[in-house]
Amino acid sequence: MLFRSVDLLFHPNVESIYPPGFSTFVEVAGLTSNWEGAVRPTHFRGVTTVVTKLLNLTQPDKAYFGQKDFQQQAVIRRMCRDLDIPTEIVTCPTVRDPDGLALSSRNAYLSPSERASGLSLFRALSLARDRARGGEKELAAIRLAMRAEMEQTPGVAVDYATIADPDTLVELSQPQPHMVALVAARVGPTRLIDNLLIP
């Protein structure tokens, strides 16, 4: 892996982070109970525990997380606020290929036809953004349209398609000034997630 303009790399081994007898975990209630948390019940407990340890060990002024894992950055932001961890959490925009597919290490597992089907996630998000910006008030109808956009694509099995509050991740019934559209689906054997902010 090539690092550019890096002054210091902190790369602890597993034993130093989780020594024998390790038995303490950090959990964020509420934000971790739905969406990715419902599909992967213990995932966020592991994330918040190791991020807490890394932030405590390095004490950075800022830590950078990608928007593509939207729920993860929201959970970490809440954790830092609730535990008075003085690190500023900076969310970096999702990087996309020219056709809209969000960059992810998982994309390497997609065949050419599966990759084409994976574009349905971004189409569903774009549909939600455009209809909400166009003044549509029925978010339930937009959610159904998002799901239909993905389900009509060969090889796509939808986990969820929703519009939520970007801070609480609670599914919205009425439009508000700031929203986030969230989708997750299996494309062939590969599970993809994506999101789009709707200001």
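Each value, and the rule that gives it
Residues numbered from 1 in each chain as written. Predicted model: local features only at pLDDT ≥ 70, side-chain atom pairs only at ≥ 80, totals over all residues. Heavy atoms only, no water. Core = buried A, V, L, I, M, F, W, Y, C linked by side-chain atoms within 4.5 Å. Buried < 20%, exposed > 50% of the residue type's maximum accessible area, 1.4 Å probe, protein only. Helix = DSSP H or I, 4+ residues; strand = E, 2+ residues; numbered from the N terminus. Contact = heavy atoms within 4.5 Å. Salt bridge = Lys/Arg side-chain N within 4 Å of Asp/Glu carboxyl O.

1. A short note on the nonpolar core
Now for step 1: Ranked by internal contacts, the top residues of the largest apolar core, which has 26 residues, are Met146, Met150 and Ile163.
Now for step 2: Those elements that place two or more of their residues in this core are α5 (112–133), α6 (139–151), β3 (156–164), β4 (179–187) and β5 (190–198).
Now for step 3: The residues contacting Ile163, other than those within four sequence positions of it, are Ala128, Leu139, Ile142, Arg143, Met146, Val170, Glu171, Leu172, Met179, Val180 and Ala181.

2. Topic: the pattern of salt bridges
Now for step 1: Applying the stated criterion to the full structure yields 10 salt bridges.
Now for step 2: In this structure, Glu36 and Arg191 form a salt bridge, with 2.6 Å as the shortest nitrogen-oxygen distance. Of this pair, Glu36 sits in helix α2 (residues 36–39) while Arg191 sits in strand β5, placing them 155 residues apart in sequence. Judged on exposure class, the residue Glu36 and its partner Arg191 are both buried.
Now for step 3: Asp97 is the partner of Arg115 in a salt bridge, and the nearest nitrogen-oxygen pair spans 2.7 Å. Here Asp97 lies in the loop between β2 (88–92) and α5 and Arg115 lies in helix α5, a separation of 18 residues in the sequence.

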